[in-house]
Amino acid sequence: MTEVIKPSFEELEKKSLPFVARVINPDGKIMSEGGKNVYWKYYGKISQMLDLAFPEGPVSEWLDLTAIPATLEGGVALIALDESENVCGFIHGRPESCINGPEGTEKWVTSVVAAYPPGKGIGGKMLETFKTEAVKVGAKVLFIRTDPSRLDTIKFYTSHGGEMAGRLEYYYSYPTEQIGIGKGRSPTVWFFWDLEHSK
């Protein structure tokens, strides 16, 4: 008979990976850093900026901002501030899964990537800084997904070195704009960056 070993809550908490939050300027330079305290300081402004960056519907329908600093996988959050201390960009990414060991902790995925107003170069600088910071804490590859109808977003990722990694049908819960595809759910496309072998 195999004995069932039940870890204590304290042991499970020790398995959590670190969560770091860094404030950057629009050029991607790190201005300050911390953890959950930094994230919560700017939480309201992050939420407001995301609503402007994604005007098609409430962000809360697809992103729980309160869960970001609480995930077991931790991750890196970058908060871009303009000269007036307004949030003009935000990105959060984390290891895919602690459950899968190195396979899951070296493979990173983003929760959200956004800059507002668009077209100012903030997103590109933020993405480059994020990749550098993620590598420092063990990331070897990065995956970012988006709705295939977001043509400007797709152009942004490809222009910043993202390789199209594939398309997955029926991914998003909202209806697709593409007739006859998705059974009422929208697809997603994935982009890939090889962080281990990039220059």
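Once a new chain begins, its residue numbering starts again from 1 and follows that chain's sequence as written. Totals for whole chains, interfaces and linings use every residue, but because this is a predicted model, local features are given only for residues with pLDDT of at least 70 and side-chain atom pairs only at 80 or more, for both listing and counting. Hydrogens and water are ignored here; the side-chain numbers use all heavy atoms of the structure.

Trainee: Got a sec to walk through the pattern of salt bridges? Specific residues and values, please.
Mentor: Once their charged atoms are close, side chains differing in charge can pair, the charge on each being opposite to the other. By salt bridge we mean one thing: a side-chain nitrogen of Lys or Arg within 4 Å of a carboxyl oxygen of Asp or Glu. A complete count under the given rule lists nine salt bridges for this structure. A salt bridge links Glu 33 to Arg 22; its shortest N-O distance comes to 3.4 Å. Of the two residues, Glu 33 is situated in strand S2 (residues 30-34) and Arg 22 in strand S1 (residues 19-24); the sequence distance between them amounts to 11 residues. One salt bridge connects Arg 167 with Glu 169, and the closest N-O pair in it is separated by 2.6 Å. Partly exposed residues are those whose accessible area sits between 20% and 50% of the maximum for their type, while under 20% is buried and over 50% is exposed, using a 1.4 Å probe and protein chains only. A residue is classified by how much of its surface remains accessible, and Glu 169, at 29% relative accessible area, is partly exposed. Taken together, the shared-partner salt bridges connect Arg 22, Glu 33, Glu 133 and Lys 136 into one network. Secondary structure elements follow DSSP: runs of H or I of four or more residues count as helices, runs of E of two or more count as strands, with numbering from the N terminus.

Trainee: Lay out the nonpolar core in plain terms, naming residues and giving numbers.
Mentor: General note: in soluble globular proteins, nonpolar side chains tend to be found buried as a group. Residues belong to one nonpolar core when they are buried, are Ala, Val, Leu, Ile, Met, Phe, Trp, Tyr or Cys, and are joined through side-chain atoms within 4.5 Å. In terms of nonpolar packing, the biggest core is built from 23 residues, with Leu 78, Ile 91, Trp 108, Phe 130, Leu 142, Ile 144 and Trp 193 touching the most fellow members. Where this core is concerned, the elements lending two or more residues are S1, strand S3 (75-81), strand S4 (87-95), strand S5 (107-115), helix H4 (122-136), strand S6 (141-146), helix H5 (151-159) and strand S8 (186-194). Two residues qualify as a contact provided that any one of their heavy atoms is within 4.5 Å of a heavy atom in the partner residue. Once residues lying within four places of it in the same chain are set aside, the contact partners of Ile 144 are Thr 110, Val 113, Leu 127, Tyr 157, Val 189, Trp 190, Phe 191 and Trp 193.

Trainee: Pulling in residues and values, what's your account of the sheet that holds S4?
Mentor: Criterion used throughout: strands pair if DSSP finds at least two bridges between them. With mixed pairing, the eight strands of this open sheet are ordered in space as S2-S1-S3-S4-S5-S6-S8-S7. Looking at which strands have only one partner, the edges of the open sheet turn out to be S2 and strand S7 (163-172). Neighbour-to-neighbour, the strand axes of the sheet open up by a mean angle of 25°, direction not taken into account. Here S1 pairs with S2 via four bridges, running antiparallel. Each bridged residue has a counterpart across the sheet, and for Ile 24 the counterpart in S2 is Ile 30. Packed on one face of the sheet, helix H2 (residues 36-53) meets S1, S2, S3, S4 and S5 and runs near 115° to S4. Whenever a helix is involved, its axis is fitted only over the stretch in contact; in every case the axis is a line through C-alpha atoms, and angles between N-to-C directions fall within 0 to 180 degrees.

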